[in-house]
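# A look at the structure
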Amino acid sequence: MTAKPAKSQAKARQYPSVISWRFAFVMVMLTSVFVALLARAAWLQVVEPEMLVTQGDRRSLRVEADTVMRGMVFDRHGEALAVSVPVEAIWADPKIVIERNAPADERRWHALADIMQMSPQQLLSRIGDDPKRRFVYLQRQVNPAVVDYVKKLKVPGIYFRQESKRYYPAGEVTAQLIGFTNVDDVGVEGIEKRFNDLLTGTAGRKVFRKDAKGREIEVLERQDATAPANLQLSIDQRIQTVAYRELKKAVLSHGATSGSAVVVDVASGEVLAMVNSPSFNPNNRRNTPVHRFRNRAITDTFEPGSTMKPLAVLSALEFGSATLDTVVDTHPGTMRIGGSWVRDPRNYKELDLTGIIQKSSNMGVAKLVLDMPHQHVVALYNNMGLGEDTGLGLNGESSGLFSYRQRWSDFERATFSYGYGLSVTAVQLARAYATMANGGINRPLSILKNNEPDPGQRVLAERHALAMLEMMEANIGPGGTANRAQVHGYRVGGKTGTARKAVAGGYGDDYIASFAGVGPVSNPRIVTVVVINEPAGDFYHGGEIAAPVFASIMGASLQLLNVTPDADTGPALISRAGGNNGN
């Protein structure tokens, strides 16, 4: 058999006729990988690029915020009533705590729990065991000494954050008026809530990109901080302190459930003091009953009783059914109207208008009101500011209860004249008396310092308003119901009020004692209203309980305002009949 040449065999091996299966497999795999990578790139770049952008931003984008402290609140003389102080919050990163196994260092961990007044188990429970959570507050608004101690512990995963805390220098004296903020520095009560937007401001913000070494390489967004505004109130902290001291003393000594007092500038309508008792410490509200947060001077309504009698007399003067010389026969001291009785404590016989105010005669004002259409009386009460808010604009202010119905029985009209059948707040009563004191011009009240007072609206003839001041001065003089309201060195005038508290189906055995007055009569500067709720014991008349508080507040306020004494500028008026019923 003849062998093939060696050259032919080598050529056959060099040029195979069929592609090796190994080569085909490699080509298919390479093509598959390429196609997969191309599809993945297309998916990430075209179909769903947001995920990569988000991941990149999470690694490179950073946001810095410039915190701004809440604005301050001042009284009319610049005394601080609410300030913000810098504090720190303690927070934990659960992931770091878990990874570093911080609880394993028992000494530091127990020290941290002790200083935060928790057990180690409570502290661990608050942090949790979820490593995906990266931020947990452990304690807010922490005492600086505590922060310094925790920083020295150097516990892994425990960090600190700057924030601010509200502080109230006047404490309980201004508690219900100023209110307070929550842990996030947002106003939730009083002035803090009403003017929250003004006091807050806007924090600054910068968004930038950093490189792998933490260096800033690009600023994407910058927003400058907006400074908060400060607030200046009409309150005079000196008068506020005196008013609170005297009110608190009266509430405690008479066993009353609560009390309120308001002092208003006659010329401008500015509120110089607004206090309530019992109060609370706004710097430490722990275990404080919620009802103590209420500003009773603007929220709580009451039937004003005899403090309405000056308005009833003014209604008759304005309508023209009575003049300054009118004499009313109140004999025999009782009057039956529609099956019910109107009574005076005694038979005062004939009384002029001054005598009606001085003796607080129910018979006198009832007869005056019954001689007029009820629409006129209701309209004058409303023009004096009753049945509407006072203009303070504070949260929770009540407009009182005031009836505008068309049909009134004669007995309802009679009781309306001496303060039953309607409800007012202390600030509404102060506004009405300020209208009498300034000569008959009704102005809205203001809690902010006001350099340009509202011009107001005339609702009373000036001669009638000034005559009423002298009538109310007689009420404080000999034979009046409020001789305990006298202020040494000053002519003052006012009216007592004693009203039973309404209960379901009628009236109970509890009383509201009140007093509203003006001083000095020769040139009225301020109005003071005092309301004592449910005094205990045998003394419950306004002349016995509220009038002495008025005298203390009025006397101190006039001295603080440097008002010249006017006790010798004119004689006090004396009525035609004697007696004292304590109303």
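Summarised in this report is the structure supplied together with it. (Residues numbered from 1 in each chain as written. Predicted model: local features only at pLDDT ≥ 70, side-chain atom pairs only at ≥ 80, totals over all residues. Heavy atoms only, no water.)

### Regarding the overall build of the chain
Per the secondary structure count, the chain includes 20 helices and 19 strands. Classification of the 583 residues of the chain by burial places 48% in the buried group. If you take every contact in the chain between residues at least 6 apart in sequence, the share linking residues at least 24 apart comes to 71%. When the accessible area of the chain is evaluated, it comes to approximately 28700 Å², of which 52% is carbon and sulfur surface. (Helix = DSSP H or I, 4+ residues; strand = E, 2+ residues; numbered from the N terminus. Buried < 20%, exposed > 50% of the residue type's maximum accessible area, 1.4 Å probe, protein only. Contact = heavy atoms within 4.5 Å. Areas by Shrake-Rupley, 256 points an atom, 1.4 Å probe, with all protein chains shown as cover.)

### What to know about the nonpolar core
The biggest cluster of nonpolar side chains holds 90 residues, and the ones touching the most others in it are Met274, Val313, Tyr381 and Ile447. At nine residues, the largest contribution of residues to this core is made by helix α18 (residues 426-437). Once you skip the residues sitting within four places of it in the chain, isoleucine 447 turns out to touch Leu177, Ile191, Phe195, Leu233, Ser234, Ile235, Val271, Met274, Leu392 and Leu394. Listed in part, the 35 residues of the second largest apolar core include Ala250, Ile476, Val530 and Ile545. (Core = buried A, V, L, I, M, F, W, Y, C linked by side-chain atoms within 4.5 Å.)

### Notes on the side chain of asparagine 276
Relative to the assigned elements, asparagine 276 resides in strand β10 (residues 271-277). Engagement of the side chain of asparagine 276 in a polar contact is seen with the side chain of serine 260, the distance being 2.9 Å. Only 3.0 Å separates the side chain of asparagine 276 from the backbone nitrogen of alanine 297, close enough to count as a polar contact. (Polar contact = N/O pair within 3.5 Å; in protein donor to acceptor, adjacent residues only side chain to side chain.)

### Considerations on the pairing of strand β13 (residues 340-343)
Here strand β12 (residues 334-337) pairs with β13 via four bridges, running antiparallel. Following the sheet pairing, isoleucine 337 is matched in β13 by serine 340. As consecutive antiparallel partners, β12 and β13 are separated by two residues, and within that stretch glycine 338 has a phi angle of approximately 55 degrees, a positive value. (Pairing = 2+ DSSP bridges.)

### As for the pattern of salt bridges
Throughout the structure, instances matching the rule amount to 19 salt bridges. A salt bridge links arginine 245 to glutamate 246, with the shortest nitrogen-to-oxygen separation between them at 3.1 Å. Close ionic contact of glutamate 246 with lysine 249 constitutes a salt bridge, the shortest N to O distance being 3.5 Å. With glutamate 246 and lysine 249 both in helix α11 (residues 237-253) and three residues apart, this pair spans about one turn of that helix. Given a relative accessible area of 11%, glutamate 246 falls into the buried group. Owing to a relative accessible area of 49%, lysine 249 belongs among the partly exposed residues under this scheme. (Salt bridge = Lys/Arg side-chain N within 4 Å of Asp/Glu carboxyl O.)

### Description of the sheet that holds strand β17 (residues 493-503)
With respect to topology, five strands assemble into an open sheet ordered β10-β9-β19-β18-β17, the strand pairing being antiparallel. Of all the strands in the sheet, just β10 and β17 have a single pairing partner and so form its edges. For this sheet, the mean angle separating the axes of adjacent strands, direction not counted, is 10 degrees. For strand β9 (residues 258-265) and strand β19 (residues 526-533), the ladder comprises eight bridges, and the chain directions are antiparallel. (Axes fitted to C-alpha atoms, helices over the stretch in contact; angles between N-to-C directions.)

### Section: the packing of α18 against helix α19 (residues 462-476)
Two quantities define a packed helix pair, namely the angle between the helix axes and the distance between the axes. Their axes nearest at 8 Å, the elements α18 and α19 cross at an angle of 110 degrees. The orientation of α18 with respect to α19, classified from their angle, is roughly perpendicular. When α18 is examined against α19, the residues Tyr433, Met436 and Ala437 are found in contact with a partner set consisting of Ala465, Met468, Leu469 and Met472. Per-class residue counts for the contact of α18 with α19 are seven nonpolar, no polar and no charged. (Parallel < 35°, antiparallel > 145°, perpendicular 65-115°, else oblique. Nonpolar A, V, L, I, M, F, W, Y, C, P; charged D, E, K, R; others polar.)

### Looking at unusual backbone geometry
Note the cis peptide between serine 277 and proline 278, where omega equals 5 degrees. Along the chain, the position of proline 278 falls in the loop between β10 and α12 (296-299). Residue proline 332 is reached from histidine 331 by a cis peptide bond, and omega for that bond is 5 degrees. Looking at the element boundaries, proline 332 is found in the loop between β11 (327-329) and β12.

### What to know about helix α20 (residues 542-560)
The end-to-end C-alpha distance of α20 is 25 Å, a good match for the 27 Å that 19 residues give at a rise of 1.5 Å each. Within α20, 14 of the 19 residues are buried, which leaves it mostly tucked inside the rest of the structure. (Expected span 1.5 Å × (residues − 1).)

### Some thoughts on the environment of serine 403
Along the chain, serine 403 falls in the loop between α16 (374-383) and α17 (410-417). On the accessibility criterion, serine 403 (16% relative accessible area) is buried. Linking serine 403 and glycine 387, residues 16 residues apart in sequence, is a C-alpha distance of 8.3 Å. Every residue in contact with serine 403, bar those within four places of it in the chain, is listed here: Val378 and Trp408.

### Things to note about the packing of α16 against α17
As a packed pair, α16 and α17 sit with axes 11 Å apart at the nearest point and diverge in direction by 30 degrees. One finds that α16 runs roughly parallel with respect to α17. Considering the relative orientation of α16 and α17, their crossing is left-handed. Touching His374, Val377, Val378 and Tyr381 of α16 are Arg413, Phe416 and Ser417, all from α17. A class-by-class count of the residues in the contact of α16 with α17 yields four nonpolar, two polar and one charged. (Left-handed = near helix turned anticlockwise from the far one by under 90°.)

### Some words on the environment of glutamate 88
Relative to the assigned elements, glutamate 88 resides in strand β3 (residues 80-92). Residues in contact with glutamate 88, not counting those within four places in the same chain, are Arg140, Gln141, Val142, Val147, Lys151, Phe160, Arg161, Gln162 and Glu163. Within polar-contact distance, the side chain of glutamate 88 engages the side chain of lysine 151 at 3.2 Å.

### Brief notes about empty space enclosed by the protein
In the structure shown here, the tally under the stated rule is two cavities of 30 Å³ or more. Taken as a whole, the largest cavity holds about 50 Å³ of empty space. If you trace the largest cavity, you find it lined by Val264, Asp265, Val266, Gly269, Arg431, Ala434, Thr435, Asn438, Ile441, Asn442, Arg443 and Leu445. Ranked by residue count, the leading element in the lining of the largest cavity is α18, at three residues. Classifying every residue of the lining of the largest cavity by side-chain character gives five nonpolar, four polar and three charged. (1 Å grid on protein atoms, 1.4 Å probe; cavity = no way out; pocket = protein on both sides within 12 Å on 5 of 7 lines; lining within 4 Å. Points joined across faces, edges and corners; volume = space filled by probe spheres on them.)

### Some thoughts on the pairing of β19
Counting buried positions over the eight residues of β19 gives eight, a clear majority of the element. Connecting strand β18 (residues 506-519) to the next strand, β19, in antiparallel fashion are six residues.

### Overview of the environment of alanine 316
Note that alanine 316 resides in helix α13 (residues 309-319). Residues alanine 316 and methionine 372, spaced 56 residues apart in sequence, show a C-alpha to C-alpha distance of 7.2 Å. With near-sequence residues (within four places) excluded, alanine 316 lies in contact with Ser321, Ala322, Leu368 and Met372.

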